[in-house]
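For reference, the chains in residue letters:
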Amino acid sequence: MDISPLAGKIAALSLGALPVSYALNHVSALSHSLGVALMSALILGQLFVAIYTLSRGEICYDPLYAVFAVFAFTSVVDLLIALQEDGYMVGFMEFYTKEGEPYLRTAHGVFICYWDGIVHYLLYLAMAGAIRRRRRYRNLGLYWLGSFVMSILVFLPGNILGKYSSEIRPAFFLTIPYMMVPCWAGVRVFNQSRASTCCTPSAVQEEQRKGLLQRPADLALFIYLILAGFFTLFRGLVVLDCPTDACFVYIYQYEPYLRDPVAYPKVQMLVYMFYALPFYGLAAYALIFPGCSWLPDWALVFAGAIGQAQFSHMGASMHLRTPFTYRVPEDAWACFFVCNLLYALGPHLLALRCLLWPAFFQHLPPRSPAPDKKQN
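Here goes a summary of the coordinates provided. Just so you know, these numbers come straight off a predicted model, no measurement behind them.

The next thing to look at is the overall build of the protein. Within the protein one finds 15 helices and zero strands. Seen along its three principal axes, the alpha-carbon backbone of the protein occupies a region of about 95 × 60 × 30 Å. Here the protein holds 376 residues, and 50% of them are scored as buried. Across the protein, the fraction of contacts at a sequence separation of at least 24, relative to all contacts at a separation of at least 6, is 78%. Just so you have it, the protein exposes about 18,600 Å², and 68% of that area is on carbon and sulfur atoms. Averaging the positions of the 26 positive and the 22 negative side-chain charges in the protein gives two centres separated by 11 Å.

Attention now moves to the nonpolar core. The biggest cluster of nonpolar side chains holds 107 residues, and the ones touching the most others in it are Phe68, Trp144, Tyr280, Leu295 and Leu350. Once residues lying within four places of it in the same chain are set aside, the contact partners of Leu350 are Leu221, Leu225, Phe279, Ala283, Leu287, Leu295 and Ala299.

So, on to a nonpolar patch on the surface. Together, Val338, Leu342, Leu345, Leu349, Leu352, Leu355, Leu356 and Trp357 give the surface a local cluster of nonpolar side chains, amounting to about 760 Å² of exposed area. For Val338, the location among the structural elements is in helix α15 (residues 333-356). Given a relative accessible area of 47%, Val338 falls into the partly exposed group.

Once that is clear, we can look at the packing of aromatic side chains. Under the criterion given, the structure shown has 28 aromatic pairs. When the ring of Phe231 is compared with that of Tyr250, the centres are 6.4 Å apart and the planes differ by 85°; the resulting orientation is edge-to-face. Linking Phe231 in helix α11 (residues 216-239) with Tyr250 in helix α12 (residues 245-253), this pair joins segments that are 19 residues apart in sequence. The two residues Phe231 and Tyr250 agree in class, both being buried. One aromatic cluster is present, built from ring pairs that chain together Tyr224, Phe231, Phe234, Tyr250, Tyr254, Tyr272, Phe279, Tyr280, Phe302 and Tyr343. Positioned above the aromatic ring of Phe360, the side-chain terminus of Arg215 is 3.9 Å from the ring centre. Over the ring of Tyr343 we find Arg235; its NZ or CZ atom is 5.2 Å from the centre of that ring.

Time to look at the packing of helix α7 (residues 107-132) against helix α14 (residues 295-318). With their axes 8 Å apart at the nearest point, α7 and α14 run at an angle of 135° to one another. Judged by the angle between their axes, α7 and α14 are oblique. α14 is crossed by α7, and the crossing has right-handed handedness. Contact residues: α7 offers Ala107, His108, Phe111, Ile112, Tyr114 and Trp115, while α14 offers Gly307, Gln308, Phe311, Ser312, Gly315 and Ala316. Among the residues forming the contact of α7 with α14, the class breakdown is seven nonpolar, five polar and no charged.

Counting across every chain of the model gives eleven salt bridges. Salt-bridge contacts for Asp62 lead to Arg188; the nearest nitrogen and oxygen are separated by 3.5 Å. Residue Asp62 is found in the loop between α4 (56-61) and α5 (64-85), and its partner Arg188 is found in helix α9 (residues 176-191); the two are separated by 126 residues along the sequence. A relative accessible area of 6% means that Asp62 is categorised as buried. Residue Glu99 pairs with Arg169 through a salt bridge whose shortest N-O separation is 3.5 Å.

Residues that lie three or four places apart on an α-helix share one face, since the helix turns once every 3.6 residues. With 25 residues, helix α13 (residues 264-288) should cover 36 Å at 1.5 Å per step; its first-to-last C-alpha distance of 35 Å lies within 8% of that length. Helix geometry: α13 is bent most strongly at Ala276, by close to 35°, with proline Pro278 lying one to four residues after it.

Counting through the fold element by element, Val110 comes out in helix α7. Measuring from C-alpha to C-alpha, the distance between Val110 and Ile10 comes to 24 Å, with 100 residues separating the pair along the chain. Setting aside residues up to four positions removed in sequence, Val110 forms contacts with Ala82, Glu85, Asp86, Leu104, Arg105, His319 and Arg321.

This part covers the side chain of Glu255. Looking at the secondary structure, you find Glu255 in the loop between α12 and α13. In this structure, Glu255 is in contact with Phe231, Arg235, Tyr250, His313, Phe336 and Asn340, ignoring residues within four places of it in sequence.

Across residues other than glycine, the phi torsion is negative in most instances, and most of the peptide bonds are trans. Although it is not a glycine, Asp241 adopts a positive phi angle of roughly 60°. Even without glycine at this site, Ala263 takes up a positive phi of about 80°. You can see Ala263 is positioned in the loop between α12 and α13.

Parameters at a glance
Residues numbered from 1 in each chain as written. Predicted model: local features only at pLDDT ≥ 70, side-chain atom pairs only at ≥ 80, totals over all residues. Heavy atoms only, no water. Helix = DSSP H or I, 4+ residues; strand = E, 2+ residues; numbered from the N terminus. Buried < 20%, exposed > 50% of the residue type's maximum accessible area, 1.4 Å probe, protein only. Contact = heavy atoms within 4.5 Å. Areas by Shrake-Rupley, 256 points an atom, 1.4 Å probe, with all protein chains shown as cover. Lys, Arg positive; Asp, Glu negative; His and termini not counted. Charge placed at Lys NZ, Arg CZ, Asp CG, Glu CD. Core = buried A, V, L, I, M, F, W, Y, C linked by side-chain atoms within 4.5 Å. Patch = residues over 30% accessible without salt bridge, like charges linked within 9 Å, V, L, I, M, F, W, Y side chains within 5 Å. Salt bridge = Lys/Arg side-chain N within 4 Å of Asp/Glu carboxyl O. Phe/Tyr/Trp six-rings, centres within 6.5 Å; stacked < 30°, edge-to-face > 60°. Lys NZ or Arg CZ within 6 Å of the ring centre and 35° of its normal. Axes fitted to C-alpha atoms, helices over the stretch in contact; angles between N-to-C directions. Parallel < 35°, antiparallel > 145°, perpendicular 65-115°, else oblique. Left-handed = near helix turned anticlockwise from the far one by under 90°. Nonpolar A, V, L, I, M, F, W, Y, C, P; charged D, E, K, R; others polar. Expected span 1.5 Å × (residues − 1). Bend = angle between axes of the 7 residues up to and from the residue.

Printed below as a string of structure tokens:
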């Protein structure tokens, strides 16, 4: 397979995080937070130089190749942190979670490390492979962009606003480039050409003549979007301390994790309310009125965002690092999992529908004017 040389090259660089982390864990100078920050910046800088030296052709073709290679290294580091905090390994990243970013030891921090170390890592390898073979990776890039931005939107404010706000160390400022990269990467990904579709103008016209009731799959998605919108608004009101009985019952009997003082669940619900809720309304509109060509791209971005957010939220709600009083009660497990799994699954089904059957969302080509008939 033509992907094997690439996988070996990028994986070899990223798996270098194993010996590097183990060695740094035994350096006494890294018992100070400033030393951790400086050493982390130095390693990332040296890694970038090594990648540029080894892959100059790929970087000249697409500079995001270097970004994906560096982030693949950090993804392995995040996976090491998650495995260490869950007790599956020792002696690798204790120095960083103690003196660098102690909030990574929270339940939310552990699960964003799992997501970054598995899902993002595979996406980085796939996108770097596409660059090496001079192929498009627009769909993968959009999904990664949504996932990456969502993790930042919740994790950084949660660190500042939650109970770990007094634990901010110099290594926290290494996340500033992480805030800039999605802006630049998003522009480059969106500017890539879309994959051509096989829909003829007549097929597009025929599909766009159908009403919502004639498209059962779209009708089901429309109903989902409306229900998900109400659920999003409801949970946003819950974390805003709405005094109604329904909100009180929900936060104490179904999702007490929303009361956790780490602030990540509250920030997550507010991000849902201010960003996901408008998207649900716009997506429902796009399922009724044809020609909304923006939906396939943004459905992928949104699917990545919700996938990352729900994975972290559901995992942290059940994790042992979450205090017992804030974990989901055993008698509410079924309701909690069904609601949150459906909340995560729906955007992925919407994105899949847009990718497989895009005719309804395409713009019809302008009709050529009829030739003027000569008058005798």
